[in-house]
Amino acid sequence: MPSQHKVVDSVDLKILDELDKAGRISYSELASKVGMSSPSVAERVKRMESAGIIRNFTVDIDYGALGQALEAIVRIKPRPGNLHIIKNMIIEEARFTACDAVTGDDCFVCRLVFGEMKDLDAILEPFHEKAETNTAIIKSSPVRRRLPKIKAS
């Protein structure tokens, strides 16, 4: 079955790139950056929202400014029969900021924020009876989140 991807042109990609940099940019400023009129840009943004290309406008939060200075990547491999229990535990633990179900040895790769090293043990302790965990503390994020460079259709 062929891929059901949405069609975007080079102007759409420019708009997406600018929105990726500053999601709260005004239509007039966005129009200026991509060389179009505000109504045309607004129409394109609305079309991409309707098509599901733009799913949401988000905020980039500095967790350190909120007292959560440490971040970790946690790989979680549930013990047999515990997959759904672990999934729910991850969902319910609010300090997990992202989680992907993955292929390979582990079932979940998660991102976690916390204030001090002692907090890490308290967060992960409930998982140890039902899963194996492997944790890496994040030192820095040279690429945090960005729009991939793709070619227009």
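Just above sits the structure.
Residues numbered from 1 in each chain as written. Predicted model: local features only at pLDDT ≥ 70, side-chain atom pairs only at ≥ 80, totals over all residues. Heavy atoms only, no water.

Quick word on the environment of glutamate 18
And then number 1: Take glutamate 18: it is sitting in helix α1 (residues 10–21).
And then number 2: For glutamate 18 and alanine 31, which are 13 residues apart along the polypeptide, the C-alpha to C-alpha distance reads 10.0 Å.
And then number 3: Contacts of glutamate 18, omitting those with residues within four sequence positions, involve Leu30, Lys33 and Val34. (Helix = DSSP H or I, 4+ residues; strand = E, 2+ residues; numbered from the N terminus. Contact = heavy atoms within 4.5 Å.)

A short note on the nonpolar core
And then number 1: In this structure, Ile76, Ile86, Ile90, Phe96, Leu112, Leu124 and Phe127 are the most contacted members of the largest nonpolar core, which totals 16 residues.
And then number 2: Of all the elements in the fold, those that place two or more residues in this core are β1 (70–78), α4 (83–92), β3 (108–114) and α5 (117–124).
And then number 3: Counting residues per element, this core draws most heavily on β3, which supplies 4 residues.
And then number 4: Among all residues touching isoleucine 86, those that are not within four sequence positions of it are Ile76, Pro78, Phe108, Phe127, Lys130 and Ala131.
And then number 5: If you look at the next biggest cluster of nonpolar residues, it comprises 13 residues, including Leu13, Ile15, Leu30 and Ile54. (Core = buried A, V, L, I, M, F, W, Y, C linked by side-chain atoms within 4.5 Å. Buried < 20%, exposed > 50% of the residue type's maximum accessible area, 1.4 Å probe, protein only.)

A short note on the sheet that holds β1
And then number 1: Here we have 4 strands laid out as an open sheet, ordered β2-β3-β1-β4, and antiparallel in their pairing. This sheet does not close on itself; its edge strands, each paired only once, are β2 (96–101) and β4 (131–137). Here the strands of the sheet are splayed against their neighbours by 20 degrees on average, with no regard to which way each runs.
And then number 2: Contacts from α4 reach β1, β2, β3 and β4, with the element oriented near 30 degrees to β3.
And then number 3: Relative to β3, α5 is tilted by about 135 degrees, and along the sheet it contacts β1, β2, β3 and β4. (Pairing = 2+ DSSP bridges. Axes fitted to C-alpha atoms, helices over the stretch in contact; angles between N-to-C directions.)

Here we look at the layout of surface pockets
And then number 1: Taken as a whole, the largest pocket spans an internal volume of roughly 1,000 Å³.
And then number 2: Looking at the largest pocket, it is lined by 29 residues, and the ones nearest its centre are Asp20, Asn56, Phe57, Thr58 and Arg145.
And then number 3: Breaking the lining of the largest pocket down by element, the ones donating at least two residues are α1, β1, β2 and β3.
And then number 4: The residue makeup of the lining of the largest pocket, split by class, is 15 nonpolar, 5 polar and 9 charged.
And then number 5: If you add up the space inside the second largest pocket, you get close to 170 Å³.
And then number 6: In terms of lining, the second largest pocket is formed by 13 residues, of which the most central are Asp62, Gly64, Ala69, Glu71 and Arg144.
And then number 7: Class assignment of the residues belonging to the lining of the second largest pocket gives a composition of 5 nonpolar, 4 polar and 4 charged. (1 Å grid on protein atoms, 1.4 Å probe; cavity = no way out; pocket = protein on both sides within 12 Å on 5 of 7 lines; lining within 4 Å. Points joined across faces, edges and corners; volume = space filled by probe spheres on them. Nonpolar A, V, L, I, M, F, W, Y, C, P; charged D, E, K, R; others polar.)

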